[in-house]
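Examining the three-dimensional arrangement
Take a look at the letters that make up each chain.
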Amino acid sequence: MLVLLGFAMIAVFMVLIMTKKLTPVLALIIVPTIFGLFAGAGLGIGPMVMDSMKSMTSTAALLMFAIIYFGLMIDVGLFDPLVKFILRKLGNDPAKVVLGTAILAAAVSLDGDGSTTFILTTAAMLPVYLRLKMSPVVLTCVAGLANGTMNILPWGGPTARAATALKLDVNDVFVPMVPSLIVGLIVVLVFSWLLGLQERNRLRTTAPEIWGDVADPSDAFDGGFARTGSTTTAPKPVTGGGAGVAVLERTEELVDDHDTAMADTALDPNRTTLRPKLFWFNLGLTVAVMVTLVANIVPLPFVFMVGSAIALLVNFPKVKDQGAQLIAHAPSIVAVVSMVMAAAVLTGVLNGTGMVKAMSEWLVQIIPADMGPFMAVITGVLSIPMTFFMSNDAFYFGVLPVLSETAAHYGVGAADMARASITGQPFHLQSPLVPAILLLVSLAKVDLGDHHKKVLWRTAVISIVMLAVGVLTGAIGIG
């Protein structure tokens with residue numbers, strides 16, 4: 001019964017948010033509550049949820065003050081020069097912008113922290129997407145693909161958990177998986193380029209008055225229009241034959257100071273929050289915050305608390321302005337913090353009712369004996385859905401040892417099992433139980449269901465490809 005209820009609960013939750021019958025926050029609260037009561041939790045469901053919520057408070061604080069800090073830095077114009085630089089290098093071609101997003105997200109993911117990756121990638125790229133009228137869902141999809149694939153790095157967490165659970169050296173688990181990681185990143189770049197081509201074609205169709213077909217995609221942000229002193233003038237429409245690349249024909253419509261379409265947005269060139277004279281201070285403060293994050297010498301929530309306080313005090317000395325800034329970012333804060341707290345209901349019910357344990361034990365029992373030699377491959381496939389609806393700790397310390405013990409009877413080594421178990425991480429990172437992904441969709445103002453529609457099947461493909469490469473290279477053995 002618990003197995004059936006557990007899988008049914010996950011299925012109902014996913015259907016409701018992907019069909020937009022309920023918002024993720026409501027689905028995270030209502031669905032687990034109903035299924036928890038059916039599972040016999042009774043009044044005990046309250047303590048289950050509260051115990052789970054206690055572990056979420058530091059995460060909620062981190063996300064809250066990270067949103068305040070980086071929202072403030074966008075408001076004061078810290079990232080405006082970076083946006084222009086990116087456009088100069090990538091041009092106005094959506095395909096190149098999306099590919100650049102993937103490369104940036106993968107590079108930043110080297111620090112092993114998903115929240116930092118999504119914060120920096122969104123801060124740098126979201127203004128570009130908005131300026132070029134590209135879909136932010138593409139940004140979240142590509143960033144999620146890149147970060148999820150890079151999550152198997154030894155210092156990222158899952159690989160260390162797998163090694164610890166099976167008493168292995170972490171390098172013995174990771175190093176043989178390097179070819180899988182490389183191929184996985186190649187697939188990410190291919191998906192990113194294809195998504196960019198789709199955006200290019202969509203923009204030609206939906207905004208023909210702004211976008212056109214040109215043969216030369218090299219026109220960049222400053223190259224797409226002429227300047228005379230401080231005056232910006234539009235270029236003549238450029239057309240070309242062949243496969244043509246969609247680029248802005250009238251760039252000034254998106255960046256001109258009088259462009260009412262950009263008024264009251266983060267890209268408004270006339271926004272009163274701009275602080276050009278404090279650019280170097282804000283840059284230095286941001287670098288200091290990032291260095292402290294990577295050094296991990298102070299708890300991450302406290303780093304952003306102090307950073308936000310200093311940034312507000314220096315950029316907005318008046319108390320009234322400080323309050324206005326906090327209010328300005330309240331919608332994003334409420335969205336992400338409420339989702340984190342609501343996720344505590346789902347995790348609390350899964351763990352408190354014993355659903356997670358029952359589901360994992362059932363999966364182990366249904367594996368036929370003649371499939372024993374393929375336990376590593378089976379584990380890799382199971383890691384895709386199982387790490388999506390349960391925490392990495394629950395999977396690697398609760399499920400993996402049981403699977404590994406079973407596999408040992410068929411001559412499948414613990415190292416093979418550990419390597420196979422980390423191939424589901426690209427899919428895992430998209431779970432609503434992962435705070436970093438909630439931060440990503442909140443910063444980009446993207447619906448979680450829309451993100452899942454675009455990203456889930458792609459991450460499943462990447463996970464399967466990484467598993468297949470592991471088998472082909474011998475990193476994941478068959479008994």
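In this report, we go over the structure that sits alongside the text. (Residues numbered from 1 in each chain as written. Predicted model: local features only at pLDDT ≥ 70, side-chain atom pairs only at ≥ 80, totals over all residues. Heavy atoms only, no water.)

1. What to know about the layout of surface pockets
This is how the line gets drawn: Cavities and pockets are found on a 1 Å grid laid over the protein atoms alone: a cavity is a set of points where a 1.4 Å probe fits but cannot escape, a pocket is an open set with protein on both sides within 12 Å along at least five of seven lines, and a lining residue has an atom within 4 Å of such a point. Grid points are joined across faces, edges and corners, and a volume is the space filled by probe spheres set on the points. Here a strand is any run of E in DSSP of at least two residues, a helix any run of H or I of at least four, and the numbering for each starts at the N terminus.
Considering only enclosed or pocket space, the largest pocket measures out at about 960 Å³ in volume. Looking at the largest pocket, it is lined by 38 residues, and the ones nearest its centre are Thr-59, Arg-161, Leu-433, Val-434 and Pro-435. If you list the elements that add at least two residues to the lining of the largest pocket, you get helix 4 (57-75), helix 7 (114-131), helix 9 (158-165), helix 14 (300-315), helix 16 (330-352), helix 18 (375-389), helix 19 (392-408) and helix 22 (435-443). Tallying contributions element by element places helix 4 first for the lining of the largest pocket, with four residues.

2. Remarks on the packing of helix 4 against helix 14
Two packed helices can be described by the angle between their axes and the distance between those axes. Inclusion rule: What counts as an axis is a line fitted to C-alpha atoms, over the stretch in contact for a helix, and the angles between N-to-C directions run from 0 to 180 degrees. Roughly parallel here means an angle under 35 degrees, roughly antiparallel means over 145, roughly perpendicular means 65 to 115, and every remaining angle is called oblique. Crossing handedness follows the turn of the near helix against the far one: under a right angle anticlockwise gives a left-handed crossing, and clockwise gives a right-handed one. Residue contacts follow a heavy-atom distance rule, with two residues in contact if any of their heavy atoms lie within 4.5 Å. Residues are sorted three ways: Asp, Glu, Lys and Arg are charged, Ala, Val, Leu, Ile, Met, Phe, Trp, Tyr, Cys and Pro are nonpolar, and all the rest, Gly among them, are polar.
Two numbers describe how helix 4 lies on helix 14: the axes approach to 8 Å, and their chain directions differ by 30°. Classed by the angle they form, the pair helix 4 and helix 14 counts as roughly parallel. Taken as a pair, helix 4 and helix 14 cross one another with a handedness that is left-handed. Residues Ser-58, Ala-61, Leu-62, Phe-65, Ala-66, Ile-68, Tyr-69, Phe-70, Leu-72 and Met-73 of helix 4 lie in contact with helix 14, whose contacting residues are Leu-300, Pro-301, Phe-304, Met-305, Gly-307, Ser-308, Ala-311, Leu-312 and Asn-315. Here the contact of helix 4 with helix 14 is composed, by residue class, of 15 nonpolar, four polar and no charged.

3. Comments concerning helix 23 (residues 448-473)
Each full turn of the α-helix corresponds to 3.6 residues, which orients residues three or four apart in the same direction. This is how the line gets drawn: Take the residue count of a helix, subtract one, and multiply by 1.5 Å to get its expected span. Bend at a given residue is defined as the angle between two axes, one fitted to the seven residues that end at that position and one fitted to the seven that begin there.
Spanning 26 residues, helix 23 covers 36 Å between terminal C-alpha atoms, matching the ideal 38 Å at 1.5 Å per step. The principal kink in helix 23, of about 35°, is found at Val-455. Looking one or two places after helix 23, you find Gly-474, whose phi comes out positive at around 90°.

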